[in-house]
Structure formats: C-alpha cells, structure tokens
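Chain by chain, the residues run as shown.
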Amino acid sequence: MTNIESLYTYSTSQYEAVDHLLSMGVGAHFAALIFFILLSRFIAPRYRTATALSCIVMVSAGTILYGQSGLWENAFTFDQTTGLYTPADATFSNGYRYVNWMVTIPCLLTQLLIVLDIRGNQLFRDAGVLILLAWGMIVTGYVGQLYETTDLMQLTIWGAISTVFFVAMNWIVGTRIFRTLPLMPPTASGAMRKVFWLMMFAWTLYPLAYAVPYFAPSAGGVVIRQALFTVADVSSKAVYGIMITYIALQRSAAEGFEPAMQVNSLSPQKGTVAS
Ligand code: RET
C-alpha cells in the first residue's frame, strides 16, 4: 500500500519543483496565520471565532506540509551516476493530508456558518451534518487512495462513494449560502458569493489530485498532483480564510463595532476633527 510518488525516479527539476511547492505551502500558511492573529482584534466578538478557526487551520495545515516536505526529502536520494532522484528507504505518502482534513475541514465549514450568522441549535445541527458528511468523504477517500498502486477498481469505487458525500456536503453549503445572501449587509454579500465559487473551484482540485493515477501515472503526473494540492491548499484555507475574515469585518462594521468601522474608514480616527 503506497502512493505512486514512491514508484518513480525524478529529474532534478521535477524533484525540486515538488520540494519547492511543499515549502511554499508551509510559508503561505504561517504567513496567513500572522495576518489572522493581527486582524482578529478588529472583528466583533460575535464573528471572531471564525478568524480564530482560521488560525487553527493555518497551524494544522502548515505543520502537516512541513512534515510532507521533510518526508519528500527523506524518500528520495540523489544518484550521482544517473543524475536522478531515486526512491530511498522512507516511503512518501499523501495519507497524512487526508487525516489532517479530518481536523481542518470541520473548522472551514464551521467558520462559514459563523459568518453566515447561523447560531444556537441551528449551528450545532448544520455543523454536525456537514462534519459527518465531510468525514464520510475523507475516510472513504483515504481508503481509496491506499489502492492507487495496486487496484484502480478499488480507487474508483471508494472515490465514487466519497464523491456522493462531497456532492451532498456542497449542496447543503450552497443552500445555506444562497438562502442567507439577502439577509447580509451588501458590503458582505458579494464576497460571500465569491466564497462559494472559491470553494467549488478549490475543493474540486482535491478529487482531481486523487485521480492522477488514472491519467498521469508518471513522475510528471506526481509534479502535477503536488501542484494541484498546493493550489488547492492555499486557496481553500488561506485565501478562503482571508475572505471569511473580510466578511466578518464587514458584518462587524455594519453592526457598529468601532474597530471594524475604523478599518473601513466609517468612523473618524481619534484626534481628527469632523468638518
Ligand atoms: C477525495 C476522494 C475522491 C473523491 C473526493 C475527494 C474530496 C476531497 C476534498 C478535500 C478537501 C480538502 C480541504 C482541505 C482543507 O484543509 C477525498 C480526494 C470528492 C473535497 C478543503
């Protein structure tokens, strides 16, 4: 049970491309973490949990990517005679990512519900259903990817089951977003619509990465897969988190939270004279 990553030898540029992509992912998440910590005091307490959840996602994803980057470096050694990177003792695995999603996806879904201002029992119910669907998607996808080098039929069956959970989850996310749009301040509803499309785009890159063993079982395919994962990670967590925090800020300002109003230049700075 291994991933296709451990089957191939890589040219220096292919090996380095993956190494650089993984390191870029680490940097992007830790940089975004600083941004969320700095911005959180401008967000009204009612929405601040959404930004706090982004901090958890950044630490969790940044740490796993740091591990993936170390694993990649240990899983291949440079062969002086051929000038290629060949598999070493350690086995590279994408499985760590799937396990990490068990933590990050519930946070991403919950922060969405918080900026949609879904509260109380409704929040527990919606978050509960979405998280169960997400876990169903992840666990079945995790099992499927274990077979990617041995049995493409199993990869297909588990991938199909996982997709059923994925579609159901997206359906609920979409209905919650579009039902709430008319109730949001106009400064936030445009961004919320963009969040929906960002999710559709970024989240779909993950099943594409899962499917790489079908359409590109090669060293080049591995580079494509790690690039898909990196674009998906940065968009679905860091860029998404920035948009969620932006919405939280707009809602905070619309509800009269002074620090948020100052960020939006809606209230005069202390010491300035209103003319
Ligand atoms: C799998 C298996 C194949 C079918 C589908 C999948 C969907 C994965 C998704 C992952 C999203 C991850 C995120 C992580 C954030 O930290 C499991 C690859 C549909 C949608 C958003």
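Residues numbered from 1 in each chain as written. Predicted model: local features only at pLDDT ≥ 70, side-chain atom pairs only at ≥ 80, totals over all residues. Heavy atoms only, no water.

In the nomenclature of an unreviewed UniProt entry, the chain is known as Bacteriorhodopsin of Neolewinella xylanilytica. Recorded in UniProt under Subcellular location (unreviewed entry), the annotation for the chain is "Membrane". Under the Sequence similarities (unreviewed entry) heading, UniProt states for the chain: "Belongs to the archaeal/bacterial/fungal opsin family." (UniProt positions renumbered as here; feature names shortened; annotations may be inferred.)

Draft legend 1. Structural view of the side chain of Asn3. Here Asn3 shows up in the segment before α1 (12-39). For Asn3, a relative accessible area of 3% translates into the label buried. (Helix = DSSP H or I, 4+ residues; strand = E, 2+ residues; numbered from the N terminus. Buried < 20%, exposed > 50% of the residue type's maximum accessible area, 1.4 Å probe, protein only.)

Draft legend 2. The arrangement of the environment of Thr140 in detail. Relative to the helices and strands, Thr140 resides in helix α4 (residues 120-145). Residue classification places Thr140 among the buried positions, given a relative accessible area of 10%. Sequence separation between Thr140 and Ala188 is 48 residues; the distance between their C-alpha atoms is 35 Å. If we skip the residues at most four places from it in the chain, Thr140 touches Trp158, Ile161, Ser162 and Phe165. (Contact = heavy atoms within 4.5 Å.)

Draft legend 3. Structural context of the UniProt feature "transmembrane region" (unreviewed entry) in the chain. In this numbering, the UniProt entry assigns the feature "transmembrane region" (unreviewed entry) to residues 20-39, 51-69, 98-116, 123-143, 155-174, 195-216 and 228-249. The distance from the first to the last C-alpha atom of residues 20-39 is 28 Å, and the span holds 100% helix and 0% strand. A helix fraction of 100% and a strand fraction of 0% characterise residues 123-143, whose end C-alpha atoms lie 30 Å from each other.

Draft legend 4. Representation of the side chain of Ser54 in the model. Residue position: Ser54 is located in helix α2 (residues 45-75). Relative accessible area serves as the criterion here: at 0%, Ser54 is assigned to the buried category. When near neighbours in sequence (up to four residues on either side) are disregarded, Ser54 contacts Phe36, Gln111 and Gly241.

Draft legend 5. Here's a closer look at the state of the cysteines. Per the counting criterion, the structure on display carries 0 disulfides. With no disulfide partner, Cys55 has as its closest neighbouring cysteine sulfur the one in Cys107, 11 Å distant. Of the residues examined, Cys107 reaches a relative accessible area of 10% and is grouped as buried. (Disulfide = S-S within 2.5 Å.)

Draft legend 6. Representation of the packing of α2 against helix α3 (residues 95-115) within the structure. Axis separation between α2 and α3 bottoms out at 9 Å; the angle between their running directions is 165°. Classified by the interaxial angle, the pair formed by α2 and α3 is roughly antiparallel. Note that α2 runs across α3; the crossing there is left-handed. Residue composition of the contact of α2 with α3, grouped by class: 15 nonpolar, 8 polar and 2 charged. (Axes fitted to C-alpha atoms, helices over the stretch in contact; angles between N-to-C directions. Parallel < 35°, antiparallel > 145°, perpendicular 65-115°, else oblique. Left-handed = near helix turned anticlockwise from the far one by under 90°. Nonpolar A, V, L, I, M, F, W, Y, C, P; charged D, E, K, R; others polar.)

Draft legend 7. Here's a closer look at the packing of aromatic side chains. Applying the stated criterion across every chain, the model contains 16 aromatic pairs. A centroid spacing of 4.6 Å and a plane angle of 55° characterise the contact between Trp72 and Phe76, whose relative ring orientation is tilted. Across the pair, exposure class does not vary: Trp72 and Phe76 are buried alike. Judged by centre distance (6.2 Å) and plane angle (45°), the ring pair of Tyr206 and Phe229 falls under tilted. Within this pair, whereas Tyr206 is found in helix α6 (residues 186-210), its partner Phe229 is found in helix α8 (residues 219-254), the two being separated by 23 residues in sequence. Here Tyr206 and Phe229 have matching classes, each one buried. (Phe/Tyr/Trp six-rings, centres within 6.5 Å; stacked < 30°, edge-to-face > 60°.)

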